[in-house]
Amino acid sequence: MKTVVLISEENHGLIGIAKDYESALLYLFNDPWIDDRTEICVGDDEHSHNWAKISEVLGEDWRDKMMEWDIPNFNEFWEGSFYLSIEDVIGTE
């Protein structure tokens, strides 16, 4: 059975469908949902509102680092801001 990766964003819901993890990231990078201006909340406290650019957290090669991850690592890093899931395509075997 074939699978696809559903791409969701917390405010917009489903924003895309990709054939695999790499394609999902390329969509997020090129559309661009995630780019050099993207900021993420950092800190140990769930009520912390410290924001940093993605390059400050992961380094200038942040795209390459994210490409090395898998879906669970991606989902853990983004903590619901973005979410990827693998779904079966009905009618394919």
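Described in the following lines is the structure provided in the data block.

**With respect to the side chain of Glu9**
Point 1. Along the chain, Glu9 turns up in strand E1 (residues 3-9).
Point 2. Despite its burial, Glu9 pairs with no opposite charge, the nearest such side chain being Arg37 at 14 Å.
Point 3. Side-chain polar atoms of Glu9 contact the side chain of His12, separated by 2.7 Å.

**Looking at helix H1 (residues 21-30)**
Point 1. Within H1, the full set of buried residues consists of Tyr21, Ala24, Leu25, Leu28 and Phe29. Down the axis of H1, the buried side of the element spans an arc of 130°, and every buried residue falls inside it.
Point 2. Among the structural elements, E1, strand E2 (13-18), helix H3 (62-68), helix H4 (71-78) and strand E5 (82-88) are those in contact with the buried residues of H1.

**Remarks on the nonpolar core**
Point 1. Ranked by size, the top nonpolar core spans 20 residues in total, and within it Leu28, Ile34, Met66, Phe74, Trp78 and Leu84 carry the most contacts.
Point 2. Among the secondary structure elements, those contributing two or more residues to this core are E1, E2, H1, helix H2 (54-58), H3, H4 and E5.
Point 3. With 5 residues, H1 is the single largest residue contributor to this core.
Point 4. Excluding its chain neighbours within four sequence positions, the residues that come into contact with Trp78 are Ile34, Thr38, Ile40, Ile54 and Met66.

**Some details on the pattern of salt bridges**
Point 1. For the structure on display, the rule yields 3 salt bridges.
Point 2. Between Asp35 and Arg37 there is a salt bridge, and its shortest N-O distance comes to 2.5 Å.
Point 3. Judged by its relative accessible area of 63%, Arg37 is exposed.

**Focus on the environment of Val89**
Point 1. One can find Val89 in the segment after E5.
Point 2. Judged by its relative accessible area of 25%, Val89 falls in the partly exposed class.
Point 3. In the structure, Val89 is positioned 80 residues away from Glu9 in sequence and 21 Å away in space, judged by C-alpha atoms.
Point 4. The residues touching Val89, leaving out its near neighbours within four places in the chain, are Met1, Lys2, Thr3 and Val4.

**A closer look at H4**
Point 1. For H4, the complete set of buried residues consists of Ile71, Phe74, Asn75 and Trp78. Within H4, the buried residues cover an arc of 95° as seen down the axis, which keeps them to one side. For H4, the exposed residues lying more than 90 degrees away from the buried face are Pro72 and Glu76.
Point 2. You can read the cap of H4 off the contacts: a side-chain oxygen lies 3.0 Å from the backbone nitrogen of Asn73, and it is on Asp70.

Rules used in this analysis
Residues numbered from 1 in each chain as written. Predicted model: local features only at pLDDT ≥ 70, side-chain atom pairs only at ≥ 80, totals over all residues. Heavy atoms only, no water. Helix = DSSP H or I, 4+ residues; strand = E, 2+ residues; numbered from the N terminus. Buried < 20%, exposed > 50% of the residue type's maximum accessible area, 1.4 Å probe, protein only. Lys, Arg positive; Asp, Glu negative; His and termini not counted. Salt bridge = Lys/Arg side-chain N within 4 Å of Asp/Glu carboxyl O. Polar contact = N/O pair within 3.5 Å; in protein donor to acceptor, adjacent residues only side chain to side chain. Arc of directions from axis to C-beta. Contact = heavy atoms within 4.5 Å. Core = buried A, V, L, I, M, F, W, Y, C linked by side-chain atoms within 4.5 Å.

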